[in-house]
Amino acid sequence: MKLHRTYLFAPGNHPRKVAKVFGAGADAVILDLEDAVAAAEKEATRAVVVEALQAPRPCLGYVRVNGLDTEYCYGDLQAVVTTGVDGVMLPKVEAPGQLETADWLLGQLERERGLEPGAVDLVPIIETGQGVAAAQAIAGAGTRVRRLSFGAGDYTRDMGMVWTGAEAELAHARATIVLASRVGGLEPPVDTVFIDLADAENLERSAHTALSFGFQGKLCIHPKQVEPVNRVFTPSADAVTQAEKHVAAFREAEAAGSASIQVDGYFIDYPIYEKAERVLRIAEAIRQRDAQAG
């Protein structure tokens, strides 16, 4: 099981930041060719991000390309579909046809370069009102996409919203994206960045809110955000102990012919058992990652 708790952005054209970003503890790093890179530097930055991702690293490595409606996207994909690049983040996705086009292009490039079909992950960013409205169609497009992500910066700009620290205004979009992911048979999505670097309290609140809505992780824009977000999306020791107890008791009861029991006052049936199993899978994946890092 791969972890997707934290995706940390870094501008692809800042060598110092790129050199440091892989050691920040994120589950995935996203080297940016889009918003963080000036138009005059976009083409030259393509080779820089590919070289960085082909070096040894302890985490997944993605590239955020420019949107399909720009003059840069095709060249971006041509440059980054290669060994060492785990995936592509595609911004401002608003319709399933955009994913179908990107999926087709990735498939042709994989075939041309001797890569396994589907080797390059594709993560769309839903970040406009139209994208949120089409989220179910996007999630059900039948492409290589495994998970969606949410971008509140462009979404609140597009919708004319005030992006507050409490983020109540994001509730509808978050719920829509999580529901669309579930209906489309995708993994839980990845939540938006939090842009106020000085507001640690609301960053943690934002991560807890995303977890409660059903997201599996969060986009980050600074290395100092990684540890608190990882912590929120990591099951606590108490949660793991409880999950172990629930799983063991339910399996014993099931073997005896019962599928509903009580454990320490908790009612356990198949849905609760399956949630407990997921907690244990996440905890085991984190244990393995930590062991490899150590």
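Below or above, wherever it landed, is the structure these notes cover. Quantities reported herein were computed from a predicted structural model and do not represent experimental measurements. (Residues numbered from 1 in each chain as written. Predicted model: local features only at pLDDT ≥ 70, side-chain atom pairs only at ≥ 80, totals over all residues. Heavy atoms only, no water.)

**A word on the overall build of the protein**
Phase 1 of the analysis: Looking only at helices and strands, the protein has twelve helices and ten strands in total.
Phase 2 of the analysis: Taking 19 Å as the expected radius of gyration for a compact globule of 294 residues, we find that the protein reaches 20 Å, a close match to that expectation.
Phase 3 of the analysis: Scored against the burial criterion, the 294 residues of the protein give a buried share of 48%.
Phase 4 of the analysis: Taking contacts inside the protein between residues at least 6 apart in sequence as the whole, the part at least 24 apart equals 71%.
Phase 5 of the analysis: Summing over all exposed atoms, the protein offers an accessible surface of approximately 13,800 Å²; the carbon and sulfur share of this is 54%.
Phase 6 of the analysis: Within the protein, the 40 negative side-chain charges are centred at a point lying 3 Å from the centre of the 29 positive side-chain charges. (Helix = DSSP H or I, 4+ residues; strand = E, 2+ residues; numbered from the N terminus. Rg over C-alpha atoms; globule rule 2.2 N^0.38 Å. Buried < 20%, exposed > 50% of the residue type's maximum accessible area, 1.4 Å probe, protein only. Contact = heavy atoms within 4.5 Å. Areas by Shrake-Rupley, 256 points an atom, 1.4 Å probe, with all protein chains shown as cover. Lys, Arg positive; Asp, Glu negative; His and termini not counted. Charge placed at Lys NZ, Arg CZ, Asp CG, Glu CD.)

**Notes on the packing of aromatic side chains**
Phase 1 of the analysis: The tally for this structure, following the rule as stated, stands at four aromatic pairs.
Phase 2 of the analysis: Taken together, the ring pairs connect Phe-250, Tyr-270 and Tyr-273 into an aromatic cluster.
Phase 3 of the analysis: Over the face of the ring belonging to Tyr-72 we find Lys-42, whose NZ or CZ atom lies 5.7 Å from the ring centre. (Phe/Tyr/Trp six-rings, centres within 6.5 Å; stacked < 30°, edge-to-face > 60°. Lys NZ or Arg CZ within 6 Å of the ring centre and 35° of its normal.)

**Description of the pairing of strand β5 (residues 121–126)**
Phase 1 of the analysis: With six of its six residues buried, β5 lies for the most part within the structure.
Phase 2 of the analysis: In β5, alternate side chains face the same way, and those of Asp-121, Val-123 and Ile-125 on one face and Leu-122, Pro-124 and Ile-126 on the other are all buried.
Phase 3 of the analysis: In this structure, strand β4 (residues 87–90) lies alongside β5, joined through four bridges in parallel fashion. Directly across from Leu-90, in β5, lies its bridge partner Pro-124.
Phase 4 of the analysis: A crossover connection joins β4 to the parallel β5 through helix α4 (residues 96–112); in handedness this β-α-β unit is right-handed.
Phase 5 of the analysis: Summarising the sheet, β5 and strand β6 (residues 149–150) pair through two bridges and their orientation is parallel. Bridging from a neighbouring strand, Ile-126 pairs with Phe-150 of β6. (Pairing = 2+ DSSP bridges. Right-handed = clockwise from strand over helix to strand, strands pointing away.)

**Some details on the nonpolar core**
Phase 1 of the analysis: Counting residues in hydrophobic clusters, the biggest one holds 72 residues, and the most contacted among them are Phe-22 and Leu-31.
Phase 2 of the analysis: Of all the elements, α4 adds the most residues to this core, at five residues.
Phase 3 of the analysis: When sequence neighbours within four positions are dropped, the list of residues in contact with Phe-22 reads Val-29, Leu-31, Ala-52, Leu-53, Arg-57, Pro-58 and Cys-59.
Phase 4 of the analysis: By size, the runner-up hydrophobic cluster in this structure holds nine residues, among which are Ala-243, Val-247, Val-263 and Ala-276. (Core = buried A, V, L, I, M, F, W, Y, C linked by side-chain atoms within 4.5 Å.)

**Concerning the pattern of salt bridges**
Phase 1 of the analysis: Summed over all chains, the structure comprises 24 salt bridges.
Phase 2 of the analysis: The residue Lys-92 makes a salt bridge to Asp-154 at a minimum N-O spacing of 3.4 Å. Here Lys-92, found in the loop between β4 and α4, pairs with Asp-154, found in helix α7 (residues 152–159); they are 62 residues apart in sequence, far enough to count as distant.
Phase 3 of the analysis: Of the residues examined, Lys-92 reaches a relative accessible area of 26% and is grouped as partly exposed.
Phase 4 of the analysis: According to the relative accessible area criterion, Asp-154 is buried, its value standing at 15%.
Phase 5 of the analysis: Here Arg-174 makes a salt bridge to Asp-191, at a shortest N to O gap of 2.9 Å. Of the two residues, Arg-174 sits in helix α8 (residues 171–183) while Asp-191 sits in strand β7 (residues 190–191), which places them 17 residues apart along the sequence. Accessibility classification places Arg-174 together with Asp-191 in one group, the buried group. (Salt bridge = Lys/Arg side-chain N within 4 Å of Asp/Glu carboxyl O.)

**Let's talk about helix α11 (residues 237–255)**
Phase 1 of the analysis: Along its 19 residues, α11 runs 27 Å from first to last C-alpha, staying within 8% of the 27 Å computed at 1.5 Å per residue.
Phase 2 of the analysis: Taken together, the buried positions of α11 are occupied by Val-240, Ala-243, His-246, Val-247, Phe-250 and Ala-253. What you see down the axis of α11 is that its buried residues fit within an arc of 165 degrees, all on one side. With respect to the buried face of α11, the exposed residues turned more than 90 degrees away are Ala-237, Asp-238, Glu-252 and Ala-255. (Expected span 1.5 Å × (residues − 1). Arc of directions from axis to C-beta.)

**A few points about the packing of α8 against helix α9 (residues 200–213)**
Phase 1 of the analysis: Running from amino to carboxyl end, α8 crosses α9 at an angle of 40 degrees, the nearest separation of the two axes being 10 Å. Put simply, α8 runs oblique to α9. Judged by the twist between their axes, the crossing of α8 over α9 is right-handed. On the side of α8, the interface is formed by Ala-171, Arg-174, Ala-175 and Val-178, while α9 contributes Ser-206, Thr-209 and Phe-213.
Phase 2 of the analysis: Partitioned by chemical class, the residues of the contact of α8 with α9 number four nonpolar, two polar and one charged. (Axes fitted to C-alpha atoms, helices over the stretch in contact; angles between N-to-C directions. Parallel < 35°, antiparallel > 145°, perpendicular 65-115°, else oblique. Left-handed = near helix turned anticlockwise from the far one by under 90°. Nonpolar A, V, L, I, M, F, W, Y, C, P; charged D, E, K, R; others polar.)

**Side note on helix α3 (residues 73–80)**
Phase 1 of the analysis: Every buried residue of α3 is listed here: Cys-73, Asp-76, Leu-77 and Val-80. The buried side chains of α3 occupy one side of the element, clustering within an arc of 95 degrees when seen end-on.
Phase 2 of the analysis: Taken together, the buried residues of α3 touch α2 (42–53), β3 (60–64), β4 and α4.

Everything listed here is a matter of coordinates, which is why it stays silent on function.
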